[in-house]
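Structural description and commentary
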Amino acid sequence: MLEPKRIKRRRVHRGAIKGNSSRGHQLAFGDFGLKALEPKFITARQIEACRVAIARRLQRDGQTWIRIFPDKPITKKAAETRMGSGKGTLDHFVAVVHPGRILFEIAGVPKHLAQEALRLAQHKLPIKTKFIVRRDFQETSGGKK
């Protein structure tokens, strides 16, 4: 699963997820993408589940880019712990996703196959997403179907 090699601080504030994504909101690598429509924390497990779903559907054909990285540590206190006694221990990492952020990109496969793979990935995510296509993309008649 994805997680940072080193982190500057073990425990950080949650912060508010306000506004739209100011970066990472356009396709940069692939022809097709999955765009977030809601703000949310996406866990490393959810990202990995999406990656596996996409890889299985594409049967390792084409190329996939994961455009988000879980770098925010989330802490959790043990069950039935009394109030106080500080912040809990590190539990998992999340990626902070704003509306408009591109989550995954795919290239090198036909449109219908990319759409199906990203549809399977959508079901693994806790937010509404949208399938997008590069503006200058033109499907060739030849190739795999």
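The structure under discussion appears in the preceding block.
A brief look at the structure comes next. (Residues numbered from 1 in each chain as written. Predicted model: local features only at pLDDT ≥ 70, side-chain atom pairs only at ≥ 80, totals over all residues. Heavy atoms only, no water.)

Okay, helix α2 (residues 111-122) next. For α2, built from 12 residues, the straight-helix expectation of 16 Å at 1.5 Å per residue is met to within 8% by its first-to-last C-alpha distance of 16 Å. Among the residues of α2, those classed as buried are L113, A114, A117, L118 and A121. Down the axis of α2, the buried side of the element spans an arc of 125 degrees, and every buried residue falls inside it. Where α2 is buried, its residues contact β1 (32-36), α1 (44-58), β6 (102-107) and β7 (129-133). (Helix = DSSP H or I, 4+ residues; strand = E, 2+ residues; numbered from the N terminus. Expected span 1.5 Å × (residues − 1). Buried < 20%, exposed > 50% of the residue type's maximum accessible area, 1.4 Å probe, protein only. Arc of directions from axis to C-beta. Contact = heavy atoms within 4.5 Å.)

For the rest of this paragraph, the subject is the nonpolar core. Ranked by internal contacts, the top residues of the largest apolar core, which has 23 residues, are I54, L103, F104, I106 and L118. Listed by contribution, the elements that provide at least two residues to this core are β1, α1, β5 (89-97), β6 and α2. Ranked by residues supplied to this core, first place goes to α2 with five residues. In this view, L118 contacts F32, G33, L34, I54, F104, I106 and F131; residues no more than four positions away in its chain are not counted. (Core = buried A, V, L, I, M, F, W, Y, C linked by side-chain atoms within 4.5 Å.)

Positive phi, normally seen in glycine, also occurs at Q59, with a value near 50 degrees. When you line up the elements, Q59 lands in the loop between α1 and β3 (63-66). Phi at E80 takes a positive value of approximately 60 degrees, unusual for a residue other than glycine. The residue E80 is located in the loop between β4 (72-76) and β5 in this model. Since its relative accessible area comes to 84%, E80 is described here as exposed.

We now examine α1. Given a rise of 1.5 Å per residue, 15 residues ought to cover 21 Å, and the 21 Å separating the end C-alpha atoms of α1 matches this to within 8%. Those residues of α1 that sit buried are A44, I47, C50, A53, I54 and L58. In this structure, the buried residues of α1 make contact with β2 (40-43), β3, β5, β6 and α2. A positive backbone phi angle near 50 degrees is found at Q59, which sits one or two residues after α1.

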